[in-house]
Amino acid sequence: MYLYQLAIGDWWNDLKDTFTLNFIDDDRYMLLVKGLGNTFLVTLGATILGILLGVIVALVRSTYDKTALGMRPGAGKVVLSLLNKIASLYLTVIRGTPVLVQLMIAYFVIFVSIAQHKTIVAIIAFGINSGAYVAEIIRSGIMSIDPGQFEAGRSLGFNYAQTMLYIIIPQALKNVLPALANEFIVLIKETSVSCYIGLHDLTKGGEIIRSRTYTAFMPLLAVALIYLVIVMFFTRLVNILERRLRNSER
Amino acid sequence: MSADPIISVNKLKKYYNRGAIKALDGVSLDISKGEVVVIIGPSGSGKSTLLRSLNLLEIPTSGSILFEGNDITSRGTDINKLRQKMGMVFQHFNLFPHLTIMDNMTLGPRKLLGIPRAEAEENARRLLAKVALEDRAGAYPSQLSGGQKQRIAIVRALAMKPDVLLFDEPTSALDPEMVGEVLDVMKDLAREGMTMVVVTHEMGFAREVGHRIIFMDEGRKIAEGTPEEIFEHTENERLKTFLAKVL
Ligand SMILES: Nc1ncnc2c1ncn2[C@@H]1O[C@H](COP(=O)(O)OP(=O)(O)OP(=O)(O)O)[C@@H](O)[C@H]1O
Ligand SMILES: [Mg+2]
């Protein structure tokens, strides 16, 4: 009985010590806090860039699909099919290579001149990556809108761009809002590979602690838990959003 | 009715699949100001194609369409300006579900005609009162019945102050008890002198409101005349067969 209590007590004290060592001593928890901040910064920046890119690429692709066949030959048609080729190439390359490789190419090859701004390089790399996935989400959103909506817009006298802007895009975005929010959640986790370029994100924060305290269990568990809680929180939010949107459809 | 036609269609053809399908096979037709022209005919006869060619939702393969004196099939025409003057009402209403009724009605006038919001909304309210829906201005399309949606679609087109209104089977998607309320609105418009081209299977409406009936079959205009000529005194066999089926 006494021995058992002793064992528990030892274990508990050990735990307290490693905890203190990893998070309290030298304010090491601040390494995680700072990392979390950067994780959010990169994720948010990349999401915004990804949506911008995604909308543009989706517009090019669906405009081409919808109109190129019926277009009269001329400069407009040439430009549109060129843009469409570029967009397809972008989608193929980005979706056909690992994001970590893209990030390293961005950091070590393309943006060497601004390599000290790791956050910016990461935002650009993940933004370009995310844009390819967002583009396909938004394109499916545009394609899912009843063609009658497009015709109604055109029959009032709106040109192609105005019809897209006032009538098609708002409905398409609303339809794919949950999918876009999911893309944000995926990015939160995906950006963890940015410690490969030495960016101090949440994962790197845990890594730094591990390398200083020579204990792996506690800091890595903490990192995993923080990701999990954040992802669960946002997943919950997306579910609520989805329900709201569905109700407003009626 | 003035002598000068507002729309003049000449030998209009529309082919699909490199001529394998002749949706329109040389249709000629004049429409005068204030006239109500009703197009009837069996399914697949080219009624919709003809109507949708008038505002270039379909680009004809050959032939010409003069609207207010200008050939709209020539490359120089501003299709968007043209469409502002030709309202269209669809079988499936095609209201914008993300906008309120008020915004559905004011989007075009505000963005295309540059009418200030207050004035556009005042116009819209007046039109809503005309179709007895002034209390639904703030509702969304999904909150309306089919008949209400179609009445809104009609006044949305009217809000652009068009010279012509095109209707493609405006009552075909409605429950029977809602057909009347939409036809009543269209009758009022006809009485007020609106130029209308109506594709419909409502023979009662065609007879009562139409000034001229066009019967189409296989992409051609087979018969044309006053309701009396078409419904009472026709000698045309195809028309007789068609009427025997629908009347
Ligand atoms: N996009 C298209 N591609 C190929 N064929 C088409 C297309 N649109 C219409 N057609 C064909 O053209 C013909 C005329 O069609 P249209 O829709 O004008 O007929 P309709 O008289 O309006 O028929 P309904 O009463 O069924 O609406 C039909 O044979 C149809 O199958
Ligand atoms: Mg039709």
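Residues numbered from 1 in each chain as written. Chains lettered and ligands numbered in written order. Predicted model: local features only at pLDDT ≥ 70, side-chain atom pairs only at ≥ 80, totals over all residues. Heavy atoms only, no water.

(A) The overall build of chain A, seen in detail. Helices and strands together make up the secondary structure of chain A, namely nine helices and zero strands. Reading chain A from its N end, one meets helices and strands in the order α-α-α-α-α-α-α-α-α. Taken over C-alpha atoms, the radius of gyration comes to 24 Å for chain A, far larger than the 18 Å a tight globule of 250 residues would show. With the principal axes as the frame, chain A shows a C-alpha extent of 90 × 50 × 25 Å. Every one of the 250 residues in chain A was classed for burial, and the buried ones make up 42%. When the accessible surface of chain A is split by element, carbon and sulfur atoms take 69% of a total near 13700 Å². Put simply, chain A has 22 plus and 16 minus side-chain charges, and the middle of one group is 11 Å from the middle of the other. (Helix = DSSP H or I, 4+ residues; strand = E, 2+ residues; numbered from the N terminus. Rg over C-alpha atoms; globule rule 2.2 N^0.38 Å. Buried < 20%, exposed > 50% of the residue type's maximum accessible area, 1.4 Å probe, protein only. Areas by Shrake-Rupley, 256 points an atom, 1.4 Å probe, with all protein chains shown as cover. Lys, Arg positive; Asp, Glu negative; His and termini not counted. Charge placed at Lys NZ, Arg CZ, Asp CG, Glu CD.)

(B) The arrangement of the confidence of the model for chain B in detail. When the pLDDT values of chain B are averaged, the result is 94; 99% of them are 70 or greater. Mean pLDDT per element in chain B: strand β5 (residues 70-71) of chain B is the minimum at 90, and strand β7 (residues 164-168) of chain B is the maximum at 98. (pLDDT = per-residue confidence, 0-100.)

(C) Representation of the environment of I168 of chain A. All names here are of chain A. Relative to the assigned elements, I168 resides in helix α7 (residues 160-190). Note: C-alpha distance between I168 and Q149 (19 residues apart in sequence) is 7.3 Å. Contacts of I168, omitting those with residues within four sequence positions, involve I142, I145, Q149, F150 and T163. (Contact = heavy atoms within 4.5 Å.)

(D) Local environment of the site of ligand 1. Residue and element names in this part refer to chain B. Around ligand 1 lies a shell of 13 residues, among which S43, G44, K47, S48 and T49 are the nearest. One nitrogen or oxygen atom from the main chain of G44 is found 2.8 Å from an oxygen atom belonging to ligand 1. Taking E169, its side chain carries an N or O atom lying 3.3 Å from an oxygen atom of ligand 1. Within the residue set of the shell around ligand 1, elements represented by two or more residues are β2 (21-32) and α1 (47-54). If you tally residues by element for the shell around ligand 1, the top one is α1, at three residues. (Near = heavy atom within 4 Å. Polar contact = N/O pair within 3.5 Å; in protein donor to acceptor, adjacent residues only side chain to side chain.)

(E) Here's a closer look at unusual backbone geometry. In this structure, D26 of chain A is a non-glycine residue whose phi angle is positive, near 55°. Mapped onto the secondary structure, D26 of chain A falls in the loop between α1 (2-24) and α2 (29-67). Take D26 of chain A: its relative accessible area is 65%, and that puts it in the exposed class. Located in the positive-phi region is K11 of chain B, a residue other than glycine, with phi close to 45°. Turning to its location among the elements, K11 of chain B is positioned in strand β1 (residues 5-16).

(F) Local environment of the confidence of the model for chain A. For chain A, the mean per-residue pLDDT works out to 90, and 97% of the residues sit at or above 70. Predicted confidence in chain A is weakest over α1 of chain A, with a mean pLDDT of 82, and strongest over helix α6 (residues 147-156) of chain A, with 96.

(G) Representation of the packing of aromatic side chains. Under the counting rule described, the total for this entry stands at seven aromatic pairs over all chains. Ring geometry for F233 of chain A and F234 of chain A: centres 5.3 Å apart, planes at 75°, overall edge-to-face. Residue classification places F234 of chain A among the buried positions, given a relative accessible area of 18%. In this structure, K66 of chain A is placed above the aromatic ring of F150 of chain A, and the distance from its NZ or CZ to the ring centre is 4.6 Å. Just above the ring of F96 of chain B sits the side chain of R156 of chain B; from NZ or CZ to the centre is 4.3 Å. (Phe/Tyr/Trp six-rings, centres within 6.5 Å; stacked < 30°, edge-to-face > 60°. Lys NZ or Arg CZ within 6 Å of the ring centre and 35° of its normal.)

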